[in-house]
Amino acid sequence: MNQNSGPPAAFVMQQSERFPGVVVHSTAWVDNRASIGPGTHIWMNAQVREYATIGAECVIAKDVYIDQHVRIGDRCKIQNSSSIYFGVTIKDEVFIGPHVAFTNDRIPRAFNDAWEASPTVVEHGASLGANVTVRCGVTIGEYAMVAAGSVVTRDVAPYSMVIGNPARHVCFVDRDGNRAEEACDVIE
Amino acid sequence: MNQNSGPPAAFVMQQSERFPGVVVHSTAWVDNRASIGPGTHIWMNAQVREYATIGAECVIAKDVYIDQHVRIGDRCKIQNSSSIYFGVTIKDEVFIGPHVAFTNDRIPRAFNDAWEASPTVVEHGASLGANVTVRCGVTIGEYAMVAAGSVVTRDVAPYSMVIGNPARHVCFVDRDGNRAEEACDVIE
Amino acid sequence: MNQNSGPPAAFVMQQSERFPGVVVHSTAWVDNRASIGPGTHIWMNAQVREYATIGAECVIAKDVYIDQHVRIGDRCKIQNSSSIYFGVTIKDEVFIGPHVAFTNDRIPRAFNDAWEASPTVVEHGASLGANVTVRCGVTIGEYAMVAAGSVVTRDVAPYSMVIGNPARHVCFVDRDGNRAEEACDVIE
């Protein structure tokens, strides 16, 4: 079928036969050994590797990469092009903005095959904005909010909003993300 | 056809039958309800969603995402992997570098379905460098220049060059991008 | 073959017939005029353009873009979604983390067709972390290490670790990436 005569047969969101209740784009590459909960949608060109676990009712957006053994909870949104590497655990209801890059090797060298992954955890309800970078080995606390473009280099406390490169605490937010203090008004 | 015996039939830039004068890569996913002007090229794995409007003679590069209802003017270049979300308007002759992430939700939470998009506008002739992040709700003025790697957190004046995280004004540039002041020489 | 009844025929890593000893994913787009050394693996949706040269035993990961005439040495790892543009030279054993954006035009304008590329060189054994941005016209010295999320705006000395936006020298590292000075302990 000609791609230009309409959306081609190859470009559709469709019910997966392998993962009950999961909707997968026809260009996504999901390994049979992954585990994916019902209600989850996986979009164009996303990749889910062997032994990854994704919960129910998640959105895995265009071009996202979910590495081997990564664990993602329920009702998470992982936006375009984000890369979630081996060693990362994402709990329930986490928002990962577009182009977020996790890492798992503190001192990467192309010629070092003996490196070990440093684990990273994103706790329940936290949000990471667009283009955030996460240096590995940290925990981002529940309902924390990392501003777009920030670089996380150490642990983020629960309900803390952090901003900048490196990311620093500027105020606390509530569960809905609203700032809890006037001091936050001066930041941008 | 075997992918390895030459460029496969599935991997070509070709004239679109749906959008007159538009050239689309066979792996791009363009919704029939989008509007695209003649002379525009859409590359590998790009996605253009329903009701998006793209002008004439644009380049939409590899892996770019154009969300629903986004409006892009004529003669724009949108480089690899950039994500342009609902709520963003891009005027004519705008340069969007690779990996640029726009946003549209100031306080994203995965569990908040009632969020509203904050609009962002990029005015005529402006340039955003590689890996720029744009926090939503701002206007980037005409012929402004945002240096690569910067994080835009508030309005950028016309012809202003801004740099850093957060992005700050360092000097004015002319229409061609040349710096108008000696002071710019000391920045990097 | 239905994508949902198992990994479809279209989604496989396979020996290339065009490039001896090279393994290419069936969704990658490699131009016949590129040169690629044996033992190199090219993953999902990567693009290698005309006259690009890639050495032996490299990994070119998901969604990577290798522009025309780019030169990459042996045993390099180029991680997910990185964009390597015309004018960039990467020597042997270089690690390029995920989402790294190179550039080649110091003052990009969408309407300027007469721009010239500023060359960038990454020397032997250097490492660039995730989400690094490289403003063009610089040399990154051998075994240098650029921390994740940094923005490189000027030359980086050999064995130097640089961090931040703009990236600044914080200490020297050895060939394996270990820090050579106590002072590094205070950075993050």
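In every chain, residue numbers begin from 1 and rise along the written sequence. Lettering of chains starts at A and numbering of ligands starts at 1, both following the order in which they are written. Since the coordinates come from a predicted model, pLDDT governs what is reported: local features require at least 70, and pairs of side-chain atoms require 80 or more to be given and counted, while whole-chain, interface and lining totals use all residues. Where side-chain values are given, they derive from all heavy atoms of the structure, hydrogens and water being excluded.

**Student:** Mind laying out the overall build of chain A, listing which residues take part and the relevant values?
**Tutor:** Labels follow the DSSP assignment, with helices taken as runs of H or I lasting at least four residues and strands as runs of E lasting at least two, numbered in each case from the N terminus. A tally of helices and strands in chain A yields zero helices and 23 strands. The reference for a compact globule is 2.2 Å times residues^0.38; the radius of gyration itself is calculated from the C-alpha atoms. The globule rule puts the C-alpha radius of gyration for 188 residues at 16 Å, and the 18 Å found for chain A is close to it. In terms of its C-alpha atoms, chain A occupies a principal-axis envelope of roughly 60 × 40 × 30 Å. A 1.4 Å probe rolled over the protein chains alone gives each residue an accessible area, and that area as a share of the maximum for its type sets the label: buried under 20%, exposed over 50%, partly exposed in between. Scored against the burial criterion, the 188 residues of chain A give a buried share of 61%. For chain A, the proportion of contacts with a sequence separation of at least 24, taken over those separated by at least 6, is 14%. Counting only carbon and sulfur atoms, one obtains 50% of the accessible surface of chain A, whose full area is about 6,800 Å². Counting rule applied: Lys, Arg positive; Asp, Glu negative; His and chain ends not counted. By convention, the point assigned to a charge is CZ for Arg, NZ for Lys, CD for Glu and CG for Asp. For chain A, the separation between the mean place of its 15 positive charges and that of its 21 negative charges on side chains is 5 Å. Residue contacts follow a heavy-atom distance rule, with two residues in contact if any of their heavy atoms lie within 4.5 Å. Values of accessible area rely on a 1.4 Å probe in the Shrake-Rupley scheme; residue burial ignores everything except the protein chains shown.

**Student:** Any details on the interface of chain C and chain A? Residues and values, ideally.
**Tutor:** Taken together, the contact pairs 44 residues of chain C with 43 residues of chain A. Here the quantity called buried area is the accessible surface, traced with a 1.4 Å probe, that two parts lose on coming together, added over both. Across the chain C/chain A interface, buried area totals approximately 3,300 Å², and carbon plus sulfur atoms make up 48% of it. Any Lys or Arg side-chain nitrogen located within 4 Å of an Asp or Glu carboxyl oxygen qualifies as a salt bridge. Applying the counting rule to chain C against chain A returns one salt bridge. Any pair of N or O atoms that falls within 3.5 Å is considered a polar contact. Within protein, one atom must be able to donate a hydrogen and the other to accept it, and sequence-neighbouring residues count only if both atoms are side-chain atoms. For the pair chain C and chain A, the interface holds 19 residue pairs in polar contact (both at pLDDT 80 or more). Residue polarity follows a fixed list, in which Ala, Val, Leu, Ile, Met, Phe, Trp, Tyr, Cys and Pro are nonpolar, Asp, Glu, Lys and Arg are charged, and the others, Gly among them, are polar. A per-class count over the side of chain C that touches chain A returns 16 nonpolar, 19 polar and nine charged.

**Student:** Kindly report on unusual backbone geometry, identifying the contributing residues and their values.
**Tutor:** Residues and elements named next belong to chain A. Geometrically, the link from Asn165 to Pro166 is a cis peptide bond, its omega value of 5° lying close to zero. Looking at the element boundaries, Pro166 is found in the loop between β22 (160-163) and β23 (168-172). Of note, the phi angle at Asn131 is positive, near 65°, even though the residue is not glycine. Along the chain, Asn131 falls in the loop between β17 (127-128) and β18 (133-134). Since its relative accessible area comes to 5%, Asn131 is described here as buried.

**Student:** Account for the interface of chain B and chain A, naming residues and giving values.
**Tutor:** Across the boundary between the two partners, chain B contributes 43 residues, which contact 44 residues of chain A. Interface of chain B and chain A: buried area, both sides summed, is about 3,300 Å²; carbon and sulfur atoms make up 48% of it. In terms of surface lost to chain A, no three residues of chain B exceed Trp29, Arg109 and Phe111 of chain B, which account for 24% of the buried area on that side. Linking chain B with chain A are one salt bridge, by the criterion used here. With a closest N to O distance of 3.8 Å, Lys77 of chain A and Asp113 of chain B form a salt bridge. Seen at the junction of chain B and chain A, the total is 19 residue pairs in polar contact (both at pLDDT 80 or more). Elements with a contribution of two residues or more to the side of chain B that touches chain A: β1 (13-15), β2 (23-25) and β15 (101-102) of chain B. Residue composition of the side of chain B that touches chain A, grouped by class: 17 nonpolar, 18 polar and eight charged.

**Student:** Mind laying out the sheet that holds β23 of chain A, listing which residues take part and the relevant values?
**Tutor:** Residue and element names in this part refer to chain A. The strand order across the open sheet formed by 10 strands is β1-β2-β5-β8-β11-β14-β17-β20-β22-β23, and the pairing between neighbours is mixed. Since the sheet does not close on itself, it has two edges, and those belong to β1 (13-15) and β23, each with one partner. The pairing of β1 with strand β2 (residues 23-25) spans three bridges and is classified as antiparallel. The residue of β2 that forms the bridge with Met13 is His25. Any two strands with at least two DSSP bridges between them are considered paired.

**Student:** Outline the pattern of salt bridges, supporting the account with residue identities and numerical values.
**Tutor:** Here the structure, examined in full by the defined rule, presents 24 salt bridges over all chains. Between Lys91 of chain C and Glu123 of chain C there is a salt bridge, and its shortest N-O distance comes to 3.0 Å. In this pair, Lys91 of chain C sits in the loop between β13 (88-90) and β14 (95-96) while Glu123 of chain C sits in the loop between β16 (120-122) and β17 (127-128), placing the two residues 32 residues apart along the sequence. You can call Lys91 of chain C partly exposed: its relative accessible area is 33%. Salt bridges here are not isolated pairs; linked through shared partners, they connect Arg49, Glu50 and Asp67 of chain A.

**Student:** Any details on the packing of aromatic side chains? Residues and values, ideally.
**Tutor:** For this analysis, a ring pair means two rings from Phe, Tyr or Trp (six-membered ring only for Trp) whose centres lie within 6.5 Å, classed as stacked if their planes differ by under 30 degrees, edge-to-face if by over 60, and tilted for the remaining angles. A full pass over the atoms with the stated rule returns 12 aromatic pairs over all chains. When the ring of Tyr65 of chain A is compared with that of Tyr85 of chain A, the centres are 5.6 Å apart and the planes differ by 50°; the resulting orientation is tilted. One end of the pair, Tyr65 of chain A, is in strand β9 (residues 65-66); the other, Tyr85 of chain A, is in the loop between β12 (83-84) and β13 (88-90), with 20 residues separating them in the sequence. Three or more aromatic residues joined by ring pairs form one cluster here, namely Phe111 of chain A together with Tyr143 and Tyr159 of chain C. In this scheme, Lys NZ or Arg CZ marks a charge over a ring once it lies within 6 Å of the ring centre and within 35 degrees of the ring normal. The aromatic ring of Phe111 of chain B is capped on one face by Arg175 of chain A, whose charged end is 4.5 Å from the ring centroid.

**Student:** Please give an account of the relation of the copies chain C and chain A that cites residues and values.
**Tutor:** Taken as rigid bodies, chain C and chain A are interconverted by a rotation of 120° and an axial shift of 0.0 Å, the fit giving an RMSD of 0.0 Å. A rotation of that kind, with that shift, is consistent with a three-fold axis. Taking C-alpha positions as the reference, the residue of chain C nearest the rotation axis is Asn165 of chain C, at 4.0 Å. A different interface surface on each copy is seen, since only 14% of the contact residues of chain C are contact residues in chain A too. When the copies are superposed, the least-squares fit draws on C-alpha atoms of residues that have pLDDT of at least 70 in both.

**Student:** Would you mind going over the sheet that holds strand β10 (residues 71-72) of chain C in detail, with residue names and values included?
**Tutor:** Residues and elements named next belong to chain C. In space, the six strands of this open sheet follow the order β4-β7-β10-β13-β16-β19, with parallel pairing throughout. One side of each edge strand has no neighbouring strand; the edge strands of this open sheet are β4 (35-36) and β19 (139-140). Inspection of the sheet shows β10 paired to β13 by two bridges, in the parallel sense. In the sheet register, Ile72 faces β13, and the bridge partner there is Ile90.

**Student:** So what about the side chain of His99 of chain C? Which residues, and what values?
**Tutor:** By secondary structure assignment, the location of His99 of chain C is in the loop between β14 and β15 (101-102). According to the relative accessible area criterion, His99 of chain C is buried, its value standing at 4%. Within the structure, His99 of chain C has its side chain in polar contact with the backbone oxygen of Ser81 of chain A (distance 3.2 Å).

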